[in-house]
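Each chain, written out:
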Amino acid sequence: MALGVMLLAACAIFFINLTASGYANEFYSAAAQAGSVSWRAFLWGSLDSGNAITVDKPPAALWLMALSVRIFGLNSFAILLPEALMGVATTYLLYATVRRYWGNWAGIVTGFIFMLTPVAALMFRFNNPDALLVLLMTGATHALLRSLEYANHPSGNRKRTWWMVLAGALIGFGFLTKQLQVLLVLPGFALAFFLASPTGMVRRILDSLAAIGSMIVAAGWWVLLTVIVPASDRPYIGGSQRNSFLELTFGYNGFGRLTGSEEGSVIPGHGREGGGMPAGGGRGGGMWGQTGLNRLFSGEFGTQISWLAPLAFAGIVISLLVIGRAVRIDVRRASVIAFGGWLTVTWLVFSFMAGIFHQYYTVALAPALAAMVAIGAFSLWIARDKLWARIVTPILITFAAFWDFSLAGRSQWLPWLKWSILIIGLMGALGFALAGLLRIRRLALVALILSVIGLMAAGPAAWTLYTVSQGHMGSIVLAGPNLTSGSMGGGPGGMPGGAPGGGQPGGGQAGGMAPSNMQQGLPGGDGGPMGSYQMGQDPMNQQGQSRKQGQIPGGGSNSQQAPSMGSQGPGPMGQDSTGSHGESTSGAPYMHSQRRGKFGFRGGSEGGRIRGGGLLGGGRSSSKVVAKLEKASDSYRWAAATTGSQQAAGYQLASQKPVMAIGGFNGSDPYPSLEQFKQYVKGKQIHYYIAGEMGGHQMGGSDTATQISQGGQALHRNHG
């Protein structure tokens with residue numbers, strides 16, 4: 001009965017209002033669309049079916065979405081269905097894991113805590129790779145603990161080895177989901193296995209090597225393909241600067257995230273020599289928030305994940321005390337070490353990493369946090385007759401009540417909520433104190449109910465229900481309501497002072513032209529990395545002034561003419577503010593993009609043009625431009641090319657025709673080279689060029705993106 005209620009609740013949280021997010025992150029949705037029509041794009045994780053460039057992650061998460069789109073067609077439900085199913089699967093897997101060692105109700109509580117964690121409700125309704133990553137890490141934990149259940153005899157040892165092989169394979173596929181992040185669970189895994197395995201040390205080492213070998217095979221086959229397949233026969237590896245997946249793994253998506261030195265970063269100058277902003281190392285964390293032990297408790301990070309974090313860390317200590325001097329091979333202790341190690345190592349890495357770090361990354365903590373809260377609570381219940389437990393329980397509940405009161409007070413949404421949390425939580429703490437003093441078991445049960453309502457149902461559940469009621473689009477998204485400016489960490493990325501508005505990257509969920517129930521992540525709004533701006537104001541020009549005609553993005557003068565690219569070469573395709581059309585010197589048609597930013601702003605006109613959508617959130621595609629793309633001849637490999645993946649993704653999804661993203665995600669990847677681009681045009685492989693605002697050095701774009709963008713702007717001024 002309880003299990004059925006838990007699963008129904010999980011289905012409700014992960015499925016209700018699912019399609020309100022539309023295509024969610026268009027970057028990954030476009031790659032799923034490409035994979036649904038091209039098996040080659042499916043294999044490589046290409047952003048377009050013409051296979052110009054891949055997304056900046058391995059393709060495992062895209063495979064599930066692409067298969068769903070092949071079955072159900074291209075629509076919001078098909079894109080987000082795998083994410084919601086993975087949410088339900090993760091909830092059940094957590095329940096099944098904790099139940100085996102701590103009892104049915106401990107498993108039920110774990111499942112409810114997980115699904116009511118705001119960032120989990122967000123990311124299992126969103127199409128970033130994090131949902132699959134969390135499911136695979138949870139599955140690997142389950143397999144690891146199952147391997148420790150068998151006795152030390154030949155049959156048991158064979159079963160143990162196969163469970164370890166499965167754990168390694170799941171970690172390997174986790175690598176193909178989000179690269180090195182999956183390895184954060186391994187320290188806890190290694191300690192748990194070497195401590196609790198009933199075999200001798202030699203057998204433990206062999207079983208560990210079997211798991212490592214399985215991990216290498218599960219991940220390595222695809223990595224090997226990127227090395228042995230000639231670059232000319234595969235798409236460019238997005239996010240890398242040298243067309244290398246290994247570089248991407250150990251650089252931009254690897255150690256660069258720890259040090260802040262990220263070549264090709266989304267922030268101008270971030271990790272680049274000569275850039276205008278710090279590389280992000282040191283205590284400041286660059287544009288991504290103040291680093292330190294309090295990072296995940298502060299600002300918007302805190303309301304995503306930390307509601308029950310104090311109880312989770314206390315749960316590690318309490319459960320180990322309750323287990324006490326149990327035999328070495330006790331699997332309950334191993335479960336605490338595995339989940340506790342996962343929680344502690346990941347929390348510390350997230351707290352001190354100086355590179356790109358978004359609030360939604362914290363979903364990787366949700367399963368371990370949920371498990372340790374539940375295990376800690378049931379450990380206290382087991383030890384309820386001991387004096388120390390009767391003292392510790394009300395103290396913990398009191399502390400948690402005040403902490404949740406603080407978190408709820410960071411938003412002006414439901415101002416009475418924080419007081420409800422505090423009052424009910426303190427009543428629960430008082431009930432436990434009196435029950436321990438008077439030894440009244442019924443009073444303890446009442447206190448338990450009040451504590452659950454105050455600490456779990458009131459705060460995290462309210463944030464989760466708010467998240468379910470909203471749609472979320474863009475690349476930087478947040479769970480829960482907006483926070484007040486004074487609660488967001490003090491300036492963009494938590495830097496002292498900061499720009500007006502304060503806050504973290506993506507801190508504002510702007511309204512404006514977006515639907516009233518749509519939250520949109522962006523760099524900028526309300527004090528993101530690009531500072532604050534008013535609706536209708538260009539976020540790249542914070543004074544709200546149009547650039548002078550003849551200036552390129554970034555302020556430089558543009559007198560360079562576009563190179564001749566052949567008789568059918570692309571002019572800057574888009575549409576100007578009057579809807580007029582023109583013709584380039586090469587005879588190619590052009591229009592300027594009327595892409596409207598998804599962030600709730602529409603930039604002002606500039607020299608007869610309409611500004612394109614934003615870097616991290618795409619935009620609403622112009623119907624006239626889309627109509628041109630839909631009529632583009634299928635003889636072209638790409639219906640169009642444009643700078644940056646978000647604009648390319650939006651037009652590709654709207655037209656279902658391949659659109660090349662020049663420079664990859666943020667225009668900073670050196671693909672294609674100018675010569676390659678000319679050859680593509682000369683060979684009639686690109687039909688149109690869509691002019692936008694994200695090219696060139698404005699957002700750290702590559703030299704090729706700058707040259708192509710400048711050429712397009714020059715043609716427009718001469719012929720617009």
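Residue indices begin from 1 for each chain and proceed along its sequence in written order. Per-residue local features are limited, in this predicted model, to residues with pLDDT of at least 70; the limit for side-chain atom pairs, both in listing and counting, is 80 or more; totals at the level of whole chains, interfaces and linings are taken over all residues. Note that water and hydrogens are dropped before the side-chain values are worked out from all heavy atoms of the structure.

Regarding the environment of Gly-87
Alright, step 1. Helix and strand assignments come from DSSP, with helices taken as H or I runs of at least 4 residues and strands as E runs of at least 2, each series counted from the N terminus. Positionally, Gly-87 belongs in helix H5 (residues 76-102).
Alright, step 2. Classification of Gly-87 as buried rests on a relative accessible area of 0%.
Alright, step 3. In the structure, Gly-87 is positioned 45 residues away from Leu-132 in sequence and 8.9 Å away in space, judged by C-alpha atoms.
Alright, step 4. A contact between two residues is defined here by any heavy atoms of the two lying within 4.5 Å. Residues contacting Gly-87, with those up to four places away along its chain left out, are Phe-14, Phe-114 and Phe-124. Each residue gets one of three labels from its accessible area relative to the maximum for its type: buried under 20%, exposed over 50%, partly exposed in between, using a 1.4 Å probe on protein chains only.

A look at helix H19 (residues 441-457)
The periodicity of an α-helix, 3.6 residues per turn, causes residues three or four places apart in sequence to face the same way.
Alright, step 1. The span you would expect from a helix comes to 1.5 Å times its residue count less one. Taking 1.5 Å per residue as the helical rise, H19 with its 17 residues ought to reach 24 Å, and the 23 Å between its terminal C-alpha atoms agrees with that figure.
Alright, step 2. When H19 is considered as a whole, its buried residues turn out to be Ala-444, Ala-447, Ser-451, Gly-454, Leu-455 and Met-456. Viewed end-on, H19 has its buried residues packed into an arc of 155 degrees, placing them on one side of the element. Along H19, the residues that are exposed and aim more than 90 degrees away from the buried face are Arg-442 and Ile-449.
Alright, step 3. Turning to H19, the residues buried within the fold contact helix H6 (104-115), helix H14 (309-323), helix H16 (366-382), helix H17 (387-408), helix H18 (417-438) and helix H20 (459-469). Arc, as used here, means the arc of the directions from the helix axis to the C-beta atoms.

Examining the nonpolar core
Alright, step 1. One finds Phe-14, Phe-114, Phe-124, Phe-339, Leu-343, Phe-350 and Leu-369 to be the most contacted residues of the largest nonpolar core, which totals 167 residues.
Alright, step 2. Per-element accounting of this core gives the leading share, 13 residues, to H5.
Alright, step 3. In this structure, Leu-343 is in contact with Ala-312, Phe-313, Ile-316, Leu-365, Ala-368, Leu-369 and Met-372, ignoring residues within four places of it in sequence.
Alright, step 4. Only buried residues count toward a nonpolar core, which is a set of Ala, Val, Leu, Ile, Met, Phe, Trp, Tyr and Cys residues joined through side-chain atoms within 4.5 Å. Of all hydrophobic cores here, the second largest spans 16 residues; its members include Ala-52, Ala-641, Ile-662 and Phe-677.

Digging into the pattern of salt bridges
Alright, step 1. Any Lys or Arg side-chain nitrogen found within 4 Å of a carboxyl oxygen on Asp or Glu counts as a salt bridge. Applying the stated rule across the entire model yields nine salt bridges.
Alright, step 2. Residue Asp-207 is joined to Arg-203 by a salt bridge in which the shortest nitrogen-to-oxygen separation is 3.5 Å. In this pair, Asp-207 and Arg-203 are both assigned in helix H11 (residues 201-228), four residues apart and thus about one turn of the helix distant.
Alright, step 3. Arg-203 sits in the partly exposed class, given a relative accessible area of 30%.
Alright, step 4. Residues Asp-634 and Lys-657 are paired through a salt bridge, measuring 3.4 Å at the closest nitrogen-oxygen approach. Residue Asp-634 is found in the loop between helix H21 (623-630) and strand E8 (638-643), and its partner Lys-657 is found in the loop between helix H22 (645-655) and strand E9 (659-662); the two are separated by 23 residues along the sequence.
Alright, step 5. A residue is classified by how much of its surface remains accessible, and Lys-657, at 15% relative accessible area, is buried.
Alright, step 6. One network of salt bridges, in which partners are shared, links Arg-100, Arg-146 and Glu-149.

Some remarks on the pairing of E9
Alright, step 1. Judged by which residues are buried, E9 turns out to be covered on both faces: Val-659 and Ala-661 on one side and Met-660 and Ile-662 on the other are all buried.
Alright, step 2. Two strands form a pair only when DSSP identifies at least two bridges running between them. In the sheet, E8 pairs with E9 via four bridges, with the strands oriented parallel. What sits directly across from Thr-643, in E9, is Ile-662.
Alright, step 3. Between E8 and its parallel partner E9, the chain crosses via H22, and the hand of that crossover is right-handed. By the criterion used throughout, a crossover qualifies as right-handed when its path from the first strand across the helix to the second strand runs clockwise, the strands pointing away from the viewer.

Regarding the environment of Gly-315
Alright, step 1. Relative to the helices and strands, Gly-315 is located in helix H14.
Alright, step 2. The contact partners of Gly-315, leaving out residues within four places of it in the chain, are Met-372 and Gly-376.

Notes on the pairing of strand E10 (residues 686-690)
Alright, step 1. Taking burial as the measure, the five residues of E10 include five buried ones, the bulk of the element.
Alright, step 2. Sheet topology places E8 next to E10; four bridges connect them, and they run parallel. Across the sheet, Thr-642 pairs through a bridge with Ile-690, a residue of E10.

Side note on the confidence of the model for the protein chain
Alright, step 1. Summary of the metric used: pLDDT quantifies the predictor's per-residue confidence within the range 0 to 100. Predicted confidence across the protein chain gives a mean pLDDT of 79, with 74% of residues reaching 70 or more.
Alright, step 2. Confidence, expressed as mean pLDDT per element, reaches its minimum in the protein chain at strand E3 (residues 572-573) with 35 and its maximum at helix H8 (residues 130-147) with 98.
Alright, step 3. Taken together, the stretch residues 713-720 has pLDDT below 50 and engages in 32 contacts with residues farther than four places along the chain or on a different chain.

Here we look at unusual backbone geometry
Alright, step 1. With an omega of -10 degrees, the peptide bond running from Tyr-671 to Pro-672 counts as cis.
Alright, step 2. Relative to the assigned elements, Pro-672 resides in the loop between E9 and helix H23 (674-682).
Alright, step 3. Positive phi, normally seen in glycine, also occurs at Asn-17, with a value near 60 degrees.
Alright, step 4. Looking at where Asn-17 falls in the secondary structure, it is placed in the loop between helix H1 (2-15) and helix H2 (26-37).
Alright, step 5. The class for Asn-17 is partly exposed, based on a relative accessible area of 32%.
Alright, step 6. A positive phi angle, near 55 degrees, is found at Gln-179, a position not held by glycine.
Alright, step 7. You can see Gln-179 is positioned in the loop between helix H9 (154-178) and helix H10 (186-196).
Alright, step 8. Using a relative accessible area of 0% as the deciding quantity, one classes Gln-179 as buried.

Details of helix H15 (residues 331-352)
Alright, step 1. Taking 1.5 Å per residue as the helical rise, H15 with its 22 residues ought to reach 32 Å, and the 31 Å between its terminal C-alpha atoms agrees with that figure.
Alright, step 2. Of all the 22 residues making up H15, 16 are buried; the element is thus mostly covered by neighbouring parts of the structure.
Alright, step 3. Think of a polar contact as two N or O atoms within 3.5 Å of one another; within protein, one of them needs to be a possible hydrogen donor and the other a possible acceptor, and neighboring residues in sequence only count if both atoms come from side chains. For H15, the capping residue at the N-terminal end is Asp-330, with a side-chain oxygen 2.9 Å from the backbone nitrogen of Arg-332.

Describing a nonpolar patch on the surface
Alright, step 1. Nonpolar side chains (Val, Leu, Ile, Met, Phe, Trp, Tyr) are joined into patches within 5 Å and like charges within 9 Å, using only residues with over 30% relative accessible area and no salt bridge. Accessible areas in this description were obtained via Shrake-Rupley with a 1.4 Å probe; residue shielding takes into account the shown protein chains only. On the surface, Phe-194, Met-201, Val-202, Ile-205, Leu-206, Leu-209, Ile-212 and Ile-216 cluster together to form a nonpolar patch covering roughly 740 Å² of accessible area.
Alright, step 2. With seven residues, the single largest contributor to the nonpolar patch is H11.
Alright, step 3. Looking at the element boundaries, Ile-205 is found in helix H11.

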